[in-house]
Amino acid sequence: MTGNIVFEPAVSLETLATLGEGHIAYVKQIRSEDVPGLFPQAPQIAPGLKLFALHAADGTPIMLTDSREAAIANAWSNELETVSVH
């Protein structure tokens, strides 16, 4: 034995990537300058604004709003559980 420790996750990376799909979402604060990269179809927004994006568990952007509460309400209305991420 060489003393090297090898970690093998109990869950495959593919399974981990789809965990919570269709059931879990998260809210992320973003700057208006980040909107075109996340929401290419969105109209041009003035720079310097603080916005909130609702994302699916896999990171796919779902909706954009100027209020964290509105993003959470949208998640609830679509039967998505919101979780905190840091």
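Numbers given to residues run from 1 along each chain, matching the order in which its sequence is written. In keeping with the model being predicted, local features are shown solely for residues with a pLDDT of at least 70 and side-chain atom pairs are shown and tallied solely at 80 or more, while totals for entire chains, interfaces and linings include all residues. To obtain the side-chain values, all non-hydrogen atoms of the structure were included, while hydrogens and water were left out.

## A word on the overall build of the protein
Then, in step 1: Here a strand is any run of E in DSSP of at least two residues, a helix any run of H or I of at least four, and the numbering for each starts at the N terminus. Check the secondary structure of the protein and you find three helices and four strands.
Then, in step 2: In sequence order, the secondary structure elements of the protein are arranged as α-β-α-β-β-α-β.
Then, in step 3: Relative accessibility thresholds used throughout: buried, under 20% of the residue-type maximum; exposed, over 50%; partly exposed, between the two (1.4 Å probe, protein chains only). Within the protein, buried positions represent 24% of all 86 residues.
Then, in step 4: Within the protein, residue pairs in contact and separated by at least 24 positions form 43% of the contacts whose partners lie at least 6 positions apart.
Then, in step 5: The Shrake-Rupley method, run with a 1.4 Å probe sphere, supplies the accessible areas, and residue values consider only the shown protein chains as cover. Surface exposure of the protein reaches about 6500 Å², of which carbon and sulfur atoms provide 56%. What makes two residues a contact is simply this: any of their non-hydrogen atoms within 4.5 Å.

## Topic: the pairing of strand β1 (residues 24–31)
Then, in step 1: Criterion used throughout: strands pair if DSSP finds at least two bridges between them. Looking at chain direction, β1 and strand β4 (residues 81–83) are connected through three bridges and run parallel. The residue of β4 that forms the bridge with I24 is E81.
Then, in step 2: Strand direction decides the pairing type here: β1 and strand β2 (residues 50–56), joined by seven bridges, are antiparallel. Considered in β2, the bridge of Y26 is made with H55.

## Some remarks on the sheet that holds strand β3 (residues 61–65)
Picture the strands of a sheet paired through backbone hydrogen bonds; they go either parallel or antiparallel.
Then, in step 1: An order of β3-β2-β1-β4 is seen for the four strands of this open sheet, with the pairing classed as mixed. In this open sheet, the two strands that pair with only one neighbour each are β3 and β4. The mean inter-strand angle of the sheet, taken between neighbouring strand axes irrespective of direction, is 35 degrees. Only C-alpha atoms enter the line fits that serve as axes; for helices the fit covers just the stretch in contact. Angles between N-to-C directions range over 0 to 180 degrees.

## Remarks on the nonpolar core
Then, in step 1: Among the nonpolar cores identified, the biggest contains nine residues, and these are A25, V27, F52, L54, M63, A71, I72, A75 and L80.
Then, in step 2: Taken together, the elements giving at least two residues each to this core come down to β1, β2 and α3 (68–77).
Then, in step 3: Here A25 is in contact with L54, H55, A56, A57, L80, E81, T82 and V83, once residues within four sequence places are set aside.
Then, in step 4: Within the second largest apolar cluster, five residues are counted, among which are I30, F39, L51 and A53. Here, nonpolar core means buried Ala, Val, Leu, Ile, Met, Phe, Trp, Tyr and Cys residues that are tied together by side-chain atoms lying within 4.5 Å of each other.

## Examining the environment of I24
Then, in step 1: Tracing the backbone shows I24 in strand β1.
Then, in step 2: Considered as a pair, I24 and A75 are 51 residues apart in the sequence and their alpha carbons are 8.6 Å apart.
Then, in step 3: Residues within four places of I24 in sequence aside, it is in contact with A56, A57, L80, E81 and V83.

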